[in-house]
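# Understanding the architecture of this molecule
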Amino acid sequence: MGVYRIRVSTGSSLHAGSLNKVQFWLVGEHGEAAVKTCLKPKRGKEEEIKADIREYLGPLLFVKLRKRRLILDDAWYCNWISVQGPGGSWDESRFPCYRWVEGDGVLRLPEGTGRSVVDDPHGHFKKHREEELEERRKLYRWGNWKDGLILNMAGAKLCDLPVDERFLEDKRIDFEASLAKGLTELAVKDTLNVLTSWNDLEDFNRIFWGDKSKLAEQVRDSWKEDAIFGYQFLNGANPMLLRRSKCLPERLKFPPGMEELQAQLKEELQGGTLFEADYSLLDGIKANVILCSQQHLAAPLVMLKLQPDGKLLPMVIQLQLPHIGGSPPPLFLPTDPEMVWLLAKCWVRSSDFQLHELQSHLLRGHLMAEVFAVATMRCLPSIHPVFKLVIPHLRYTMEINVRARSGLVSDLGIFDQVVSTGGGGHVELLKRAGPFLTYRSFCPPDDLADRGLLGVKSSYYAQDALRLWEITFQYVTGIVNLHYKTDIAVKDDLELQNWCREITEIGLQGAQDRGFPNSLQSRDQACHFITMVIFTCTGQHSSTHLGQLDWLTWVPNTPCTMRLPPPTTKDATMETIMATLPNFHQASLQMSITWQLGRRQAVMVALGQHQEEYFSGPEPKAVLKKFREELAVLDKEIESRNEKLDLPYEYLRPSLVENSVAI
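Just so we're clear, the structure is a prediction, and the values are computed from it rather than from any experiment.

## Notes on the sheet that holds strand β5 (residues 60–68)
Strand order across the open sheet formed by four strands is β3-β2-β5-β8, with antiparallel pairing between neighbours. Strands at the two margins of the open sheet, each flanked by one partner only, are β3 (31–39) and β8 (106–110). Between one strand axis and the next, the sheet turns through 20° on average, direction left out of account. In terms of strand pairing, β5 meets β8 through five bridges, oriented antiparallel. Across the sheet, the residue bridging to L65 is L107, located in β8.

Given below as structure tokens:
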């Protein structure tokens, strides 16, 4: 009983406010009362109303609200509502929302304390969480973009998505403006080069203008060097392929006269300094046909040696797998004529484009994050502590993936237009990559151990990934231990178990065969699984996304397509290389898309810096504060290290890592 002070926060994006009136009710353990004063929420404002409540409500459980429309429904984006009890004797209660309020139905916002099923012994929230999940399962349905792939959110168009999964206006305007700018630059470059002949690698400078990074210019100037070629396997846009050799690959057949090379490889193998990058996944993939012109693919193998100074240098390149009854494919060496060796390296880099963009970036980053997002919305109510923990890391993922499926990898999309795996090969490659989605490969301590990269001092990706994983794991552990005091509490949380099972058995199509758990039996196992989810959506995606602007802008370094077949002889010339690399239109389009998707985003939330407060109470805030402090320390350490490097590695720097897969 007494006067309650109610504060209402409205989002700051365009159209977040509403001309409709909003009515409120306070619901406590002992009663419910209507607030007589209505509100027309204003964009970007915190507004306060006071309510004289005569009933004794007890501790508040919910705020109910209803937006009443006169003629038109004017949606309202509500951040949160807070309520201060009579006379300041009660702690202020926070009711997070962070969603659009549409229509004129009644919306119930539970108080912001994270509660699992086990944390609700009196069943105050039982009906609410059941009804919320029932409604969500109708709204969030599994879809299947292509047979044989992991599942995605149902719906082929942006308008099919729930409104809360759509970009807010600031993000949408920035994204579409960058797309328009990229298309304008593409048109200009096409116009300027349509009548010119390209005879030399320097001719790529004709389209190498516009917004680009400093590192991209360094790549342009030094991409031919073997040290730069090898460096990219450690710290480039795709650090996911390299592994330490345990034996000489079976596919590596040595023709007569290669005994010295074989001996050198065995010597490096015995010393533990032999590494390999194998692109066998591309073998037999049907190459694209672009404007009636056949494109070409290779399936290279690269053997590299790690020198004492940390440089990783190529020793031999094999461009195709040997086939029974055929002659062994040629082995290309650093001692071959300059143009021959350079063309072989270009073929490797073009193959890396395919595996990087489709396997490492799209599948392991975007599509995995979408599985987590859909499962979270279907299985965890908004009051659940794990929902509150992971939801900031799932923001905008569904929209950016719909845009990718409808623009990049769709029929007649960018891949069909300019990429050698387009025209269907890209889908086949995604299917082939499915069995390699193992649980260990998504957990850096396991993945780096399996690939033999622990302790490689020149692998800055490995060092930063381990540090970021550990910081994230400690953050997750802090939140989990607040809400689960025992392993039994984890096992008894049916919502948490359903979430894990939905991810593994449904979204990932039976990934228990690949090591993913379908139940969580302890706090430690839950922390490991949740850390995997968050790291995949943040650090892992960043490590394969941010490097695009640096390593793909100078097209000869990472060509999107190849126009002549892989060489079978060693007589390549500059004319051969130029006839093989993308033409000016293909190269211009590669640069345009690389800039649009790889640029530093104007609307971006860095890891751990989300403004949304899904948890109430001081304990979760203290855990988040410590997380941010540790991220800041890592950020400073990386900055200090990079000052001493010729090629700074920034793709896991916390201030640059996006908080979700949003681009």
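On we go.
## Regarding the pattern of salt bridges
Following the criterion strictly, the structure yields 40 salt bridges and no others. The closest approach of N and O atoms between E92 and R7, which form a salt bridge, is 3.0 Å. Of this pair, E92 sits in the loop between β6 (76–84) and β7 (93–101) while R7 sits in strand β1 (residues 2–10), and the two are 85 residues apart along the sequence. Overall, the relative accessible area of 35% leaves E92 in the partly exposed class. Among the ionic pairs, K157 bridges to D160, the shortest N-O distance being 3.8 Å.

## Some remarks on the packing of helix α6 (residues 338–379) against helix α14 (residues 494–507)
Where α6 contacts α14, the axes come no closer than 9 Å and their chain directions differ by 140°. Classed by the angle they form, the pair α6 and α14 counts as oblique. In this structure, α6 crosses over α14, and the sense of that crossing is right-handed. Each of V371, F372, A375, T376, R378 and C379 in α6 lies in contact with α14, whose residues at this interface are E495, N498, W499, E502, I503 and G507. Along the lines of polarity and charge, the residues of the contact of α6 with α14 split into six nonpolar, three polar and three charged.

## Looking at the packing of aromatic side chains
Under the criterion given, the structure shown has 18 aromatic pairs. Here W469 and F535 contribute two aromatic rings whose centre-to-centre distance is 5.8 Å and whose plane-to-plane angle is 70°, an arrangement assigned as edge-to-face. With W469 in helix α12 (residues 460–483) and F535 in helix α15 (residues 523–545), this pair connects stretches of sequence that are 66 residues apart. An identical accessibility class is assigned to W469 and F535; each is buried.

## Regarding a nonpolar patch on the surface
Where nonpolar side chains cluster on the molecular surface, the patch consists of L70, I71 and L72 and spans about 450 Å² of accessible area. Considering the arrangement of structural elements, one finds I71 in the loop between β5 and β6. Take I71: its relative accessible area is 76%, and that puts it in the exposed class.

## What about the sheet that holds β6?
Ordered in space as β4-β1-β6-β7, the four strands form an open sheet in which the pairing is antiparallel. Single-partner strands in this sheet number two, and they are β4 (46–53) and β7. The average undirected angle you get between the axes of adjacent strands in this sheet is 20°. The pairing of β6 with β7 spans seven bridges and is classified as antiparallel. Its bridge partner lying in β7, S82 is registered against R94.

## Overview of the pairing of β6
In terms of burial, β6 is largely enclosed, as nine of its nine residues are buried. The pairing of β1 with β6 spans six bridges and is classified as antiparallel. Bridged to V8 within β6 is I81.

## Things to note about the packing of α6 against helix α10 (residues 425–433)
For the pair α6 and α10, the least separation of the axes is 10 Å and the interaxial angle reads 55°. As summarised for this structure, α6 and α10 are arranged oblique, according to the angle between their axes. Remark: the crossing between α6 and α10 carries right-handed chirality. Listed contacts from α10 to Q354, L355, L358, Q359, L362 and L363 of α6 are H426, L429, L430 and A433. Class assignment for the residues of the contact of α6 with α10 results in seven nonpolar, three polar and no charged.

## What about the environment of W347?
For W347, the position within the fold is in helix α6. Setting aside its immediate chain neighbours within four residues, W347 contacts H296, L297, A298, P300, L319, M562, L564, P565, P566, P567 and T580.

## Considering the nonpolar core
If you look at the biggest cluster of nonpolar residues, it comprises 169 residues, and the most contacted ones within it are F233, W499, F529, M532 and W551. With residues near it in sequence (within four places) discarded, F233 still touches N238, P239, L242, A277, Y279, V302, L304, L312 and V348. In terms of nonpolar packing, the next biggest core, distinct from the first, is built from 25 residues, Y4, L39, L57 and I81 among them.

## Brief notes about the environment of M240
Assignment of secondary structure puts M240 in the loop between α4 (226–235) and β11 (243–244). For the pair M240 and A33, spaced 207 residues apart in sequence, the C-alpha to C-alpha distance is 57 Å. In this structure, M240 is in contact with S360, R364, D447, R451, Y461, Q540 and T544, ignoring residues within four places of it in sequence.

## Thoughts on helix α2 (residues 169–193)
For α2, which comprises 25 residues, the first-to-last C-alpha distance of 36 Å matches the rise-based estimate of 36 Å (1.5 Å per residue) to within 8%. Taken together, the buried positions of α2 are occupied by E169, K171, D174, F175, S178, G182, E185, L186, K189, D190 and N193. Tucked inside the fold, the buried residues of α2 contact α8 (397–408) and α18 (584–598).

## Regarding helix α19 (residues 618–642)
Compared with an ideal rise of 1.5 Å per residue, which puts 25 residues at 36 Å, α19 spans 36 Å between its outermost C-alpha atoms and is within 8% of the ideal. Those residues of α19 that sit buried are P620, V623, L624, F627, L631, L634, D635, I638, R641 and N642. Buried residues belonging to α19 abut α12.

## Focus: the side chain of Q497
Within the secondary structure, Q497 is located in helix α14. The buried category is assigned to Q497, whose relative accessible area is 4%. Discounting chain neighbours no more than four positions away, the residues touching Q497 are V490, K491, N518, S519 and L520.

## With respect to the environment of R206
Inspection of the secondary structure assignment puts R206 in the loop between α2 and α3 (214–222). Residue classification places R206 among the partly exposed residues on the basis of a relative accessible area of 35%. Counting along the chain gives 382 residues from R206 to S588, while the straight-line C-alpha distance between them is 9.7 Å. If sequence neighbours within four positions are ignored, R206 has contacts with N193, T196, S197 and W198.

## Concerning the side chain of H296
Residue position: H296 is located in the loop between β14 (293–294) and β15 (301–306). The exposure class of H296 is buried, given its relative accessible area of 18%. Those residues in contact with H296 that sit more than four places away from it in its chain are A287, W347, S420, M562, R563, L564, P565 and P566.

About the criteria used
- Residues numbered from 1 in each chain as written.
- Predicted model: local features only at pLDDT ≥ 70, side-chain atom pairs only at ≥ 80, totals over all residues.
- Heavy atoms only, no water.
- Pairing = 2+ DSSP bridges.
- Helix = DSSP H or I, 4+ residues; strand = E, 2+ residues; numbered from the N terminus.
- Axes fitted to C-alpha atoms, helices over the stretch in contact; angles between N-to-C directions.
- Salt bridge = Lys/Arg side-chain N within 4 Å of Asp/Glu carboxyl O.
- Buried < 20%, exposed > 50% of the residue type's maximum accessible area, 1.4 Å probe, protein only.
- Parallel < 35°, antiparallel > 145°, perpendicular 65-115°, else oblique.
- Left-handed = near helix turned anticlockwise from the far one by under 90°.
- Contact = heavy atoms within 4.5 Å.
- Nonpolar A, V, L, I, M, F, W, Y, C, P; charged D, E, K, R; others polar.
- Phe/Tyr/Trp six-rings, centres within 6.5 Å; stacked < 30°, edge-to-face > 60°.
- Patch = residues over 30% accessible without salt bridge, like charges linked within 9 Å, V, L, I, M, F, W, Y side chains within 5 Å.
- Areas by Shrake-Rupley, 256 points an atom, 1.4 Å probe, with all protein chains shown as cover.
- Core = buried A, V, L, I, M, F, W, Y, C linked by side-chain atoms within 4.5 Å.
- Expected span 1.5 Å × (residues − 1).

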